[in-house]
Amino acid sequence: RCLVNAAPVYAIELTNPGTAATDPVGVWTALPDGLEFAEASDAGVFDKATRLVGWRLPPLPANGSKTLTLKLKAVAPVE
């Protein structure tokens with residue numbers, strides 16, 4: 001649960017368990033109703049029209065991982 005004016009931070013964990021690097025990585029996530037965008041790590045970009053946050057990342061190395069974070073603001077009670 002998230003109360004009004006709370007500022008939840010979400011983490012998106014990417015992993016590459018393979019033996020070679022990936023191609024460049026694109027990640028997108030949609031904001032649920034009741035939450036507004038505050039900031040994103042790694043130059044994440046918010047599109048107000050679609051309510052999507054997107055990242056364009058370099059290749060992920062073999063056995064590599066990357067954590068993206070997304071800070072939001074609750075403007076209505078949400079689950």
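A quick note: this is a predicted structure, and the numbers were derived from the prediction, not measured. Each chain has its residues counted from 1, running along the sequence as written. In keeping with the model being predicted, local features are shown solely for residues with a pLDDT of at least 70 and side-chain atom pairs are shown and tallied solely at 80 or more, while totals for entire chains, interfaces and linings include all residues. The side-chain quantities take in all heavy atoms of the structure and omit both hydrogens and water.

**A closer look at the overall build of the protein**
Phase 1 of the analysis: Helix and strand content of the protein: zero helices and six strands.
Phase 2 of the analysis: Considered along the principal axes of its C-alpha atoms, the protein spans approximately 45 × 25 × 15 Å.
Phase 3 of the analysis: Across the 79 residues that make up the protein, the buried fraction comes to 27%.
Phase 4 of the analysis: In this description, contact between two residues means that some pair of their heavy atoms is separated by no more than 4.5 Å. In the protein, once contacts between residues fewer than 6 apart in sequence are set aside, the share between residues at least 24 apart is 75%.
Phase 5 of the analysis: Of the roughly 5,200 Å² of accessible surface on the protein, a fraction of 55% belongs to carbon and sulfur atoms.
Phase 6 of the analysis: Taking the average place of the 7 positive charges on the side chains of the protein and the average place of its 8 negative ones, the gap between the two points comes to 6 Å. The helix and strand labels rest on DSSP assignments: H or I over at least four residues marks a helix, E over at least two residues marks a strand, and numbering proceeds from the N terminus. Residue burial is assigned from relative accessible area. The probe radius is 1.4 Å, only protein chains are included, and a residue is buried under 20% of its type maximum, exposed over 50%, and partly exposed in between. Areas reported as accessible are Shrake-Rupley estimates using a 1.4 Å probe. Residue values count occlusion only from the protein chains shown. Charged residues are defined here as Lys and Arg on the positive side and Asp and Glu on the negative side; His and the ends of the chain fall outside this count. Lysine's charge is taken at NZ, arginine's at CZ, aspartate's at CG and glutamate's at CD.

**Notes on the sheet that holds strand S1 (residues 9–15)**
Phase 1 of the analysis: Note on pairing: two strands pair once DSSP finds at least 2 bridges between them. The antiparallel open sheet is built from three strands, whose spatial order is S1-S6-S3. Among the strands making up the open sheet, the edge pair consists of S1 and strand S3 (35–40). Between one strand axis and the next, the sheet turns through 30 degrees on average, direction left out of account.
Phase 2 of the analysis: Of the strand pairs in this sheet, S3 and strand S6 (residues 65–74) are connected by five bridges, and their pairing is antiparallel. Bridge assignment links Leu35 to a residue of S6, and that residue is Ala74. Axes here refer to lines fitted to C-alpha atoms; in helices the fit is confined to the stretch in contact. Angles between the N-to-C directions go from 0 to 180 degrees.

**Observations concerning the side chain of Asn16**
Phase 1 of the analysis: Relative to the helices and strands, Asn16 is located in the loop between S1 and strand S2 (25–30).
Phase 2 of the analysis: Two N or O atoms form a polar contact when they lie within 3.5 Å of each other; inside protein one atom must be a possible hydrogen donor and the other a possible acceptor, and for residues adjacent in sequence the pair counts only when both atoms belong to side chains. At a separation of 3.2 Å, a polar atom in the side chain of Asn16 contacts the main-chain carbonyl oxygen of Leu60.
Phase 3 of the analysis: Once you skip the residues sitting within four places of it in the chain, Asn16 turns out to touch Ala21, Thr22, Leu60, Pro61, Ala62, Asn63 and Gly64.

**A look at the environment of Thr29**
Phase 1 of the analysis: Secondary-structure assignment places Thr29 in strand S2.
Phase 2 of the analysis: The exposure class assigned to Thr29 is partly exposed, which follows from its relative accessible area of 24%.
Phase 3 of the analysis: In the structure, Thr29 is positioned 15 residues away from Leu14 in sequence and 13 Å away in space, judged by C-alpha atoms.

**Focus on the sheet that holds strand S5 (residues 52–57)**
Phase 1 of the analysis: Taken in spatial order, the three strands of this open sheet run S2-S5-S4, and their pairing is antiparallel. Each edge of the sheet is formed by a strand with only one pairing partner; in this case those strands are S2 and strand S4 (45–47). On average, adjacent strands in this sheet sit at an angle of 25 degrees to one another, irrespective of strand direction.

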